[in-house]
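# Examining the three-dimensional arrangement
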Amino acid sequence: MAQTYEFNNVSGNNTAANVSALGAQVLFADQVSVRLDTDTHKIQTTSRFALGDGASLTGGILLADDSAVETQFEQSVGKFVDGNMIFGYAPLTEIKSDVRNYIFYPATGSTTEGFFTGVCNSTQSQDYTPALVSNSRNILMISAEQAASLARNLG
């Protein structure tokens, strides 16, 4: 039970809908690979998770589907909390300041912005707002508890 998608990693595909759709696939991917096709960076994911929120992926195509049913779930962004798993699109400077253990996928034609995954390294409070939040970046987060619950349910 897995699907493989290929997604054009270009700044124009940085929409809230794409981050929501691609987030679950990338956060729980069995495999993520990056390749350069002519002059466009591509992200390929193989995952047992369906595109989030039942959404379609603008700039992406389905490469393979084993016809088994993928796991689907919806999640809200919630508060920025230390330890949450995070996926989004942002400038590298903000990623470096707000995320640890990150993987950065630079957008086509850029070395300073792109998609990323990682772990939130702080907690938003009345006195502190992470740059990713204050700059209204498209992000998707899931808590460690939610991830553990999903893993248990998948067996």
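Remember, predicted model here, so these are calculated numbers, not experimental data.

Cut-off values and rules
Every chain is numbered on its own, with residues counted from 1 as its sequence reads. In keeping with the predicted nature of the model, local features appear solely for residues at pLDDT of at least 70, side-chain atom pairs appear and are counted solely at 80 or more, and the whole-chain, interface and lining totals rest on all residues. Side-chain measures were taken over the full set of non-hydrogen atoms in the model, leaving aside hydrogen atoms and water. Strands pair, by our definition, only if DSSP identifies at least two bridges between them. Secondary structure elements are defined from DSSP: runs of H or I of at least 4 residues count as helices, runs of E of at least 2 residues count as strands, and each element is numbered from the N terminus. Fitting a line to C-alpha atoms yields each axis, with helices limited to the stretch in contact; the angle taken between N-to-C directions then spans 0 to 180 degrees. Residue contacts follow a heavy-atom distance rule, with two residues in contact if any of their heavy atoms lie within 4.5 Å. By this rule the span expected of a helix is its residue count minus one, scaled by 1.5 Å. Each residue is assigned to one of three classes by its accessible area relative to the maximum for its type, calculated with a 1.4 Å probe on protein chains only: buried under 20%, partly exposed between the two thresholds, exposed over 50%. Definition of a polar contact: a pair of N or O atoms within 3.5 Å, with one able to donate and the other able to accept a hydrogen when the atoms are protein atoms, and with sequence-neighbouring residues admitted only if both atoms are side-chain atoms. Between rings of Phe, Tyr and Trp, where Trp is taken as its six-membered ring, a pair exists when centres lie within 6.5 Å; planes separated by under 30 degrees are stacked, by over 60 edge-to-face, and by other angles tilted.

## Things to note about the sheet that holds strand β7 (residues 113-120)
The antiparallel open sheet is built from four strands, whose spatial order is β6-β7-β5-β8. In this open sheet, the two edge strands, each paired with only one partner strand, are β6 (99-106) and β8 (139-142). Each strand of the sheet is rotated relative to its neighbour by a mean of 25°, with strand direction disregarded. Helix α1 (residues 16-27) contacts β5 (85-91), β7 and β8 of the sheet and is inclined by roughly 125° relative to β5.

## A short note on the sheet that holds strand β4 (residues 60-65)
An order of β2-β3-β1-β4 is seen for the four strands of this open sheet, with the pairing classed as antiparallel. The open sheet terminates on both sides in strands that have one partner only, identified here as β2 (29-37) and β4. Strand-to-strand twist across the sheet, computed as the mean angle between neighbouring axes with direction ignored, equals 20°. The pairing of strand β1 (residues 3-8) with strand β3 (residues 40-47) spans six bridges and is classified as antiparallel. In the strand pairing of β3, Glu 6 is matched with Gln 44.

## Considerations on α1
The terminal C-alpha atoms of α1 lie 16 Å apart, and with 12 residues this matches the ideal 16 Å at 1.5 Å per residue to within 8%. Buried residues dominate α1, accounting for 10 of its 12 residues. Taken residue by residue, α1 has Asn 18, Val 19, Ser 20, Ala 21, Leu 22, Gly 23, Ala 24, Gln 25, Val 26 and Leu 27 as its buried positions. Buried residues along α1 sit in contact with β1, β2, β3, β5, β7 and β8.

## A look at the environment of Arg 100
Within the secondary structure layout, Arg 100 lies in strand β6. Linking Arg 100 and Ser 122, residues 22 residues apart in sequence, is a C-alpha distance of 9.5 Å. If we ignore the near neighbours within four places in the chain, the residues touching Arg 100 are Asp 82, Gly 83, Gly 118, Val 119, Cys 120 and Asn 121. Here Asp 82 takes part through its side chain, which lies 2.7 Å from a polar atom of the side chain of Arg 100.

## Quick notes on the packing of aromatic side chains
Tallied over the entire structure, the rule returns three aromatic pairs. Pairing Phe 7 with Phe 115 gives two aromatic rings, centres 5.4 Å apart and planes at 80°, and the pair type is edge-to-face. You can see Phe 7 sitting in strand β1 and its partner Phe 115 sitting in strand β7, a full 108 residues away along the chain. There is no split in this pair, since Phe 7 and Phe 115 are both buried. Ring centres of Tyr 89 and Phe 115 lie 4.9 Å apart, and the angle between their planes is 80°; this geometry places the pair in the edge-to-face category. Of this pair, Tyr 89 sits in strand β5 while Phe 115 sits in strand β7, and the two are 26 residues apart along the sequence. The pair Tyr 89 / Phe 115 is uniform in exposure class, with both members buried. An aromatic cluster of at least three residues, connected via ring pairs, comprises Phe 7, Phe 87, Tyr 89 and Phe 115.

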